[in-house]
Every structure is written in C-alpha cells, then in structure tokens.
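# Observations on the model geometry
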Amino acid sequence: MFSRIEILTPKKLIGHRKTMSLTNDRTRELWRNFMARRKEVQQHFGSELYSIQVYDRQYFENFNPATEFNKWATMEVKDFDTVPDGWATFTLQGGLYAVFLHTGPASSGSKTFQYIFGTWLPNSAYILDNRPHFEILGEKYKHEDPDSQEEIWIPIKRGDIKKTV
C-alpha cells in the first residue's frame with residue numbers, strides 16, 4: 001500500500017471549499033457543486049483533481065470525529081489571473097509527503113487511512129507535518145468501482161529532528 005516519499009513543489013489550485021467534520025461529512029455536496037461547474041475554469045491543465053483537507057494544528061492530537069476542518073475540491077491552474085465568480089484559489093505548499101495508493105471503492109478508504117495512521121506512520125521515521133493532506137483523483141479514479149485508484153498524500157517530516165536552542 002505504501003508507495004513512495006516525494007517532495008512536492010507548490011501548486012496553484014482553483015476550486016470550492018466547505019467546512020465539515022467526519023460526523024457531518026459534506027463531501028458529496030462539495031464535489032457535486034464542483035463537478036457541475038468545472039468547465040467554467042478555462043486555464044486548468046492536467047486531468048487530475050485534488051481533494052484537499054486543511055486541519056488545525058491540534059486536529060490529530062486529540063482526535064474527535066466531530067472536529068471541523070476545511071475540505072476543498074480543486075484542479076490545478078497555471079495562474080490565478082482568471083477566477084470565475086464563486087470560485088476560490090488555493091496554493092498547495094510544497095514539502096515532503098508520504099504517498100499511498102488506495103485501490104478500491106472510495107467508501108473503503110477508511111481502511112487505507114487506518115493503515116496509514118495506525119500502522120505505517122507510527123512505525124516509520126516520520127511524523128505528521130502541519131500542512132494540507134490531499135488525494136489526487138486521476139484517470140484511474142472511478143469513485144465506487146472496485147478497480148478505482150487514487151493517491152493519498154500525507155504531509156510528513158523526519159521524526160528524529162533534534163531541536164536546537
């Protein structure tokens with residue numbers, strides 16, 4: 001399931017955002033609105049879509065499924081010169097990421113996330129970094145199809161970094 005470690009270069013994205021929690025999941029509504037209007041964005045490139053989660057610094061420290069976070073449905077653009085009405089811009093910071101390949105229906109994604117946070121991360125040389133988490137929905141993404149594939153990008157940093165005074 002673990003795929004690779006990558007250094008992401010910053011990306012300019014455009015899309016829609018909703019505040020939600022795991023117990024008040026509004027992902028379908030977010031993506032339905034995004035997909036209905038995606039042809040309005042003329043300057044996009046690539047066929048990949050980005051599902052981004054922005055968590056507060058303490059989100060994972062005292063995990064509670066009712067804690068809210070911001071979720072984005074986006075696509076990459078070359079610049080922010082032309083932003084259609086009702087759309088928002090988002091700059092995805094660069095940095096170190098662990099990349100995982102989830103294969104199967106989107107609804108079974110919780111198993112992949114349990115592996116990432118319950119097995120891989122605690123047994124790796126890395127810790128979570130406070131940057132956005134995201135999934136890339138490319139050509140092989142087919143939502144609930146058992147052969148669907150998406151990449152899950154988790155922001156990390158070395159866990160053995162010593163702080164100097």
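Now for a look at the structure at hand. (Residues numbered from 1 in each chain as written. Predicted model: local features only at pLDDT ≥ 70, side-chain atom pairs only at ≥ 80, totals over all residues. Heavy atoms only, no water.)

## Here's the deal with the overall build of the protein
Regarding its fold elements, the protein presents 2 helices and 9 strands. Listing the helices and strands of the protein from first to last along the sequence gives β-β-α-β-β-β-β-α-β-β-β. Summarising its shape, the C-alpha atoms of the protein cover approximately 45 × 40 × 30 Å along the three principal directions. Counting all 165 residues of the protein, 38% fall into the buried class. By sequence separation, contacts in the protein at least 24 residues apart represent 76% of the contacts at least 6 residues apart. (Helix = DSSP H or I, 4+ residues; strand = E, 2+ residues; numbered from the N terminus. Buried < 20%, exposed > 50% of the residue type's maximum accessible area, 1.4 Å probe, protein only. Contact = heavy atoms within 4.5 Å.)

## Thoughts on the layout of surface pockets
Each pocket or cavity is described by its volume, and for the largest pocket that value is around 1,300 Å³. What lines the largest pocket is a set of 37 residues, among which Asp25, Thr27, Lys71, Ala106 and Phe113 lie closest to the centre. One number sums up the size of the second largest pocket: a volume of about 310 Å³. Considering the residues around the second largest pocket, the lining is formed by 13 residues, among which Arg57, Glu61, Leu128, Asp129 and Asn130 are closest to the centre. (1 Å grid on protein atoms, 1.4 Å probe; cavity = no way out; pocket = protein on both sides within 12 Å on 5 of 7 lines; lining within 4 Å. Points joined across faces, edges and corners; volume = space filled by probe spheres on them.)

## What about the packing of aromatic side chains?
Under the definition given, this model contains 19 aromatic pairs. Seen from their ring centres, tyrosine 59 and phenylalanine 63 are 5.8 Å apart, and the 75° between their planes marks the pair as edge-to-face. Measuring from ring centre to ring centre gives 5.9 Å for tyrosine 59 and phenylalanine 69, while their planes differ by 80°; the resulting arrangement is edge-to-face. One end of the pair, tyrosine 59, is in the loop between β3 (44-54) and β4 (69-77); the other, phenylalanine 69, is in strand β4, and 10 residues separate them in sequence. Taken individually, tyrosine 59 and phenylalanine 69 each receive the classification buried, so the pair is uniform in this respect. The cationic tip of lysine 12 hangs over the ring face of phenylalanine 80; the distance from NZ or CZ to the ring centre is 5.9 Å. Above the plane of the ring of tyrosine 97 lies arginine 131, whose end atom (NZ or CZ) is 4.6 Å from the centre. (Phe/Tyr/Trp six-rings, centres within 6.5 Å; stacked < 30°, edge-to-face > 60°. Lys NZ or Arg CZ within 6 Å of the ring centre and 35° of its normal.)

## Quick notes on the pattern of salt bridges
Taken as a whole, this structure holds 7 salt bridges when the rule is applied. For glutamate 6, the salt bridge goes to arginine 4, with nearest N and O atoms at 2.4 Å. Judged by relative accessible area, which is 25%, arginine 4 ranks as partly exposed. Salt-bridge contacts for glutamate 76 lead to lysine 11; the nearest nitrogen and oxygen are separated by 3.8 Å. Separated by 65 residues along the polypeptide, glutamate 76 in strand β4 and lysine 11 in strand β2 (residues 11-20) bring together distant segments of the chain. (Salt bridge = Lys/Arg side-chain N within 4 Å of Asp/Glu carboxyl O.)

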